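# Fold and geometry: a report
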Amino acid sequence: AGGPGPASSRAAGSTPRAGKSRAWDTSSSSRGGAVRRRVISPESPPQVAQGPSVSLPKMPVHSVAAGTVREVMPEDMVLAQGEMGAVTRAVSSTEDAERLNWYLRAILTANVYDVAVESPLDYAPRLSERIGAKIHFKREDLQPVKSFKLRGAYNRMAAISPEAREKGVICSSAGNHAQGVALAARELGCDAVIAMPVTTPAIKVDAVRRLGATVALEGENYDACQAYAKARAEAEGRTFVPPFDDPLVVAGQGTVGMEIVRQLPSVEVVFVPVGGGGLIAGIAAYVKSIRPDVKVIGVEPEGANAMAQSLFHGEICRLAKVDGFADGVAVRQVGEVCFDLCQQLVDGVITVKTDQICAAIKDVFTENRSILEPAGAVAVAGAKAFCEKHGVVGDVVAVTSGANMNFDRLRIVSQLADGGLKQEATLVSVIPETNGSFKTFAETVGADVNFTEFKYRVSDEAQAVVLYSVSVDDEARLEACVTRLNERGFFTENLTDDETTQVHLRHMVGGSANVEDERIYKVEIPERAGALDTFLAAVSPAFQITMTHYRSDGGQVGNTLFGVKVSRGDRAKLEEAIASTGYAFEDMTSNAAYNMLYGCQRVGACAISFDEDEA
């Protein structure tokens, strides 16, 4: 059998098999020779004793048709909460079975415990009581680099020949894979270069440098960074270590599935976060080989649903844009190896919203006082949605894949979490601009409703628009409140699920303005010096900027809201200018909440209807 089992299955004083880490201190204690667990961390790494390598059959070949990548948008596939997308499966063949046997053997013999620990499986009593299922967290956030990524990186790098290892390795990553490769290189004694985009937060760059790797900051985005890494690998003879699309990387990540089955034999469903697909492909390869009755379900952010769309269409899809909030899983295109295995083995993929991810971070913190990064909480959010929707009551596992949280992101996580937990609602109401109307409005809302936020400023108009938030302890009572307000003449809408309201509008100052021909754009500006100058140089002074709202959320790009005065005839010219920056952007002019609170439609200044298509 492969890798080490749990502590309860080991005889005291047993010796790890050759090639595994000294994760167990076999020296006798003063209390009589009990085996003590060694703490493995970047500061206190395991002592690697490489044994003879395991001989595996020839690496499997995955035949994904070339040139068939389909370009899609995230909104092309919108799933109902807790529902899995359909999977278009290929016809199974003898080669598929042979490949699966290879992965099973590769996972059982994966040499990952030189650097990784067998992460605990923690029961979540509070969340389980609320949801109804028995929810467990597979704590990959407790690995030495706070992520599962070191498993695949080390397994891939341990297979490199001594001659190739002398020339060093290189990878491209802005996060957890970078740290995994850096730690693996240090333990294997080889030189590592980590290519990272120039927008990478300093905290992540410093973490990689502390592990002894050389950091090369190259490119505005991951694609440019990866191109640099591959070119440098060829020029210097280094081995490129892919983040997910490699059989040995997949096998290394598959050891997570091996541990889950051993730790919780009664498991019924495993929820796995999906980015490029390496983790879920590895887990599914092991779980479906040993326990085909167990469901393996992937979870993706709604705005980064590359795997869900690929499985639905039966071919690899590439997202034209991707939501970067959960940056650890914000991948435009899944790996070929990963897609091939997932199409054969995974039960389906569900998607979750940003506020659900934030709510899941809060849930985990409530359980064990640990703070996950957004990608690390994606599976928890999916488990909650699926179990509530389908009435699951058995044992389920959510893989908490990472905890490399940028501290600056906690502000927006805290802000959105209550909405995701349905504990707070954001509403907008229209009230008459007359004496006593505010008092009547508050009485209509109800004395038993707790206001948590309120924004109002007098205007010269006959009606005032107020934006406010209230605590929610019962969905039915909230709906009754909204209905009551509308029936009594206070037009009211629930904006809790409107991301523009949550991220921008509730923080803006000022009010509506009489600006004709104003359009609103959301632009993703890289978090680096000079990035805003690039945008302004492209649009100004040709176009007048009428409004701006931006607040850093600790990510690699800042979502910035701009108002621009532009006539219908010049709209194409404006969008061509924005596109010339290379920044992703989206026209938000028709956003209902903006138009109620700040837009020209509120004051009747619009010369055209922005909802009409261009002629």
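Overview of the structure. Since the structure is predicted, the reported quantities are computational estimates derived from the model, not experimental observations. (Residues numbered from 1 in each chain as written. Predicted model: local features only at pLDDT ≥ 70, side-chain atom pairs only at ≥ 80, totals over all residues. Heavy atoms only, no water.)

### Description of the overall build of the protein chain
Cut-off, in case you're wondering: Labels follow the DSSP assignment, with helices taken as runs of H or I lasting at least four residues and strands as runs of E lasting at least two, numbered in each case from the N terminus. Burial classes: relative accessible area under 20% of the type maximum marks a residue as buried, over 50% as exposed, and values in between as partly exposed (1.4 Å probe, protein chains only). In this analysis, two residues are considered to be in contact whenever any of their non-hydrogen atoms come within 4.5 Å of each other. Residue exposure ignores everything except the shown protein chains as possible cover, and the areas themselves are Shrake-Rupley values with a 1.4 Å probe.
Secondary structure assignment for the protein chain yields 21 helices and 22 strands. By residue count, 54% of the 615 residues in the protein chain fall in the buried class. For the protein chain, the share of sequence-separated contacts (at least 6 apart) that also reach a separation of at least 24 residues comes to 76%. Surface summary for the protein chain: the accessible area is close to 26000 Å², and the carbon and sulfur share equals 50%.

### Examining the packing of aromatic side chains
Quick reminder of the rule: Note on ring pairs: Phe, Tyr and Trp rings are taken, using the six-membered ring of Trp, and paired if centres are within 6.5 Å. Classes follow the plane angle, with under 30 degrees stacked, over 60 edge-to-face and the rest tilted. Either the NZ atom of lysine or the CZ atom of arginine qualifies as a charge over a ring when it sits within 6 Å of the ring centre and within 35 degrees of the ring normal.
Applying the stated criterion across every chain yields a total of eleven aromatic pairs. Ring centres 4.3 Å apart and planes at 20° place the aromatic pair Phe 535 and Phe 562 in the stacked group. One end of the pair, Phe 535, is in helix α18 (residues 531–539); the other, Phe 562, is in strand β21 (residues 557–565), and 27 residues separate them in sequence. Here Phe 535 and Phe 562 have matching classes, each one buried. The ring of Phe 365 carries Arg 369 above its face, with NZ or CZ at 5.2 Å from the centroid.

### Describing the packing of helix α10 (residues 306–313) against helix α11 (residues 336–345)
Test applied: Only the contacting stretch of a helix is used when fitting its axis, a line to C-alpha atoms as for every element, and angles between N-to-C directions run 0 to 180 degrees. When an angle is under 35 degrees it counts as roughly parallel; over 145 it counts as roughly antiparallel; between 65 and 115 it counts as roughly perpendicular; any other value is oblique. We call a crossing left-handed when the near helix sits turned anticlockwise from the far one by less than a right angle, and right-handed when that turn is clockwise. Lys, Arg, Asp and Glu make up the charged group, whereas Ala, Val, Leu, Ile, Met, Phe, Trp, Tyr, Cys and Pro make up the nonpolar group; the residues left over, Gly among them, are polar.
With their axes 10 Å apart at the nearest point, α10 and α11 run at an angle of 60° to one another. In terms of orientation, α10 lies oblique with respect to α11. The crossing of α10 and α11 is right-handed. Residues Met 307, Ser 310 and Leu 311 of α10 pack against Cys 338, Phe 339, Cys 342 and Gln 343 of α11. Across the contact of α10 with α11, the residue classes tally to five nonpolar, two polar and no charged.

### Overview of the packing of helix α8 (residues 247–263) against helix α9 (residues 278–290)
For any two helices packed against each other, one specifies the inter-axial angle together with the distance between the axes. Running from amino to carboxyl end, α8 crosses α9 at an angle of 50°, the nearest separation of the two axes being 7 Å. When the interaxial angle is binned, α8 and α9 end up oblique. In this structure, the crossing between α8 and α9 has a hand that is right-handed. Residues Val 250, Gln 253, Gly 254, Val 256, Gly 257, Met 258 and Val 261 of α8 form the contact with α9, whose own contacting residues are Gly 278, Leu 279, Ala 281, Gly 282, Ile 283, Tyr 286, Val 287 and Ile 290. Within the contact of α8 with α9, the residues separate by chemical class into ten nonpolar, five polar and no charged.

### A few points about the sheet that holds strand β10 (residues 267–273)
Here is the rule: By definition, two strands form a pair when at least two bridges between them are found by DSSP.
What the six strands build is an open sheet, ordered β4-β5-β14-β10-β11-β13; its pairing is mixed. Sheet topology places β4 (121–123) and β13 (348–352) at the edges, where each strand pairs with a single neighbour. Going from strand to strand, the sheet's axes swing by 30° on average, the running direction of each strand aside. The pairing of strand β11 (residues 295–301) with β13 spans five bridges and is parallel. Within β13, the position partnered with Gly 298 by the bridge is Val 349. Against the sheet, α9 touches β10, β11 and β14 (395–400), its axis set at about 170° to β11.

### Some details on unusual backbone geometry
As a rule of thumb, non-glycine residues mostly have phi less than zero, and peptide bonds are mostly trans rather than cis. The omega torsion across Ser 540 and Pro 541 is 10°, close enough to zero to call that bond cis. Note that Pro 541 resides in the loop between α18 and β20 (544–549). A positive phi angle is found at Asp 517, which is not glycine, with a value near 55°. Considering the arrangement of structural elements, one finds Asp 517 in the loop between α17 (499–503) and β19 (518–526). For Asp 517, a relative accessible area of 18% translates into the label buried.

### Thoughts on helix α3 (residues 149–157)
Of all nine residues that make up α3, nine are buried, and the element is covered over most of its length. In this fold, the buried residues of α3 make contact with α4 (162–167), β6 (169–172), α5 (176–188), β9 (239–240) and α8.

### Some thoughts on the side chain of Arg 519
Spelled out, the test is: Pairs of N or O atoms are called polar contacts if they sit within 3.5 Å, as long as, within protein, a hydrogen donor faces a hydrogen acceptor (for residues adjacent in sequence, only side-chain-to-side-chain pairs).
With respect to the helices, strands and loops of the structure, Arg 519 is situated in strand β19. Reaching out from Arg 519, the side chain makes a polar contact with the side chain of Asp 587 at a distance of 2.8 Å.

### Description of the side chain of Asn 155
Take Asn 155: it is sitting in helix α3. Within polar-contact distance, the side chain of Asn 155 engages the backbone nitrogen of Asn 111 at 3.2 Å. If we skip the residues at most four places from it in the chain, Asn 155 touches Ala 110, Asn 111, Val 112, Leu 248, Ala 251 and Gly 252.

### Focus: α9
We apply this condition: How far a helix is expected to stretch is found by multiplying one less than its residue total by 1.5 Å.
Taking 1.5 Å of rise per residue, the 13 residues of α9 would be expected to cover 18 Å, and the 19 Å separating its terminal C-alpha atoms lies within 8% of that figure. Here α9 lies mainly inside the structure; eleven of its 13 residues are buried. All buried positions along α9 are accounted for by Gly 278, Leu 279, Ile 280, Ala 281, Gly 282, Ile 283, Ala 284, Ala 285, Tyr 286, Val 287 and Lys 288. In the core, the buried residues of α9 are packed alongside α1 (94–108), α8, β10, β11, α11 and β14.

### Focus: the pattern of salt bridges
For clarity, the threshold we go by: Each reported salt bridge corresponds to a side-chain nitrogen of Lys or Arg within 4 Å of a carboxyl oxygen of Asp or Glu.
One pass over the structure, following the stated rule, counts 30 salt bridges. Across the salt bridge formed by Arg 262 and Glu 118, the nearest N and O atoms sit 2.7 Å from each other. With a gap of 144 residues between them, Arg 262 in helix α8 and Glu 118 in the loop between α1 and β4 connect regions that are remote in the sequence. Given the relative accessible area of 28%, Arg 262 is considered partly exposed.

Remember that the coordinates give geometry; whether it matters functionally is a separate question.
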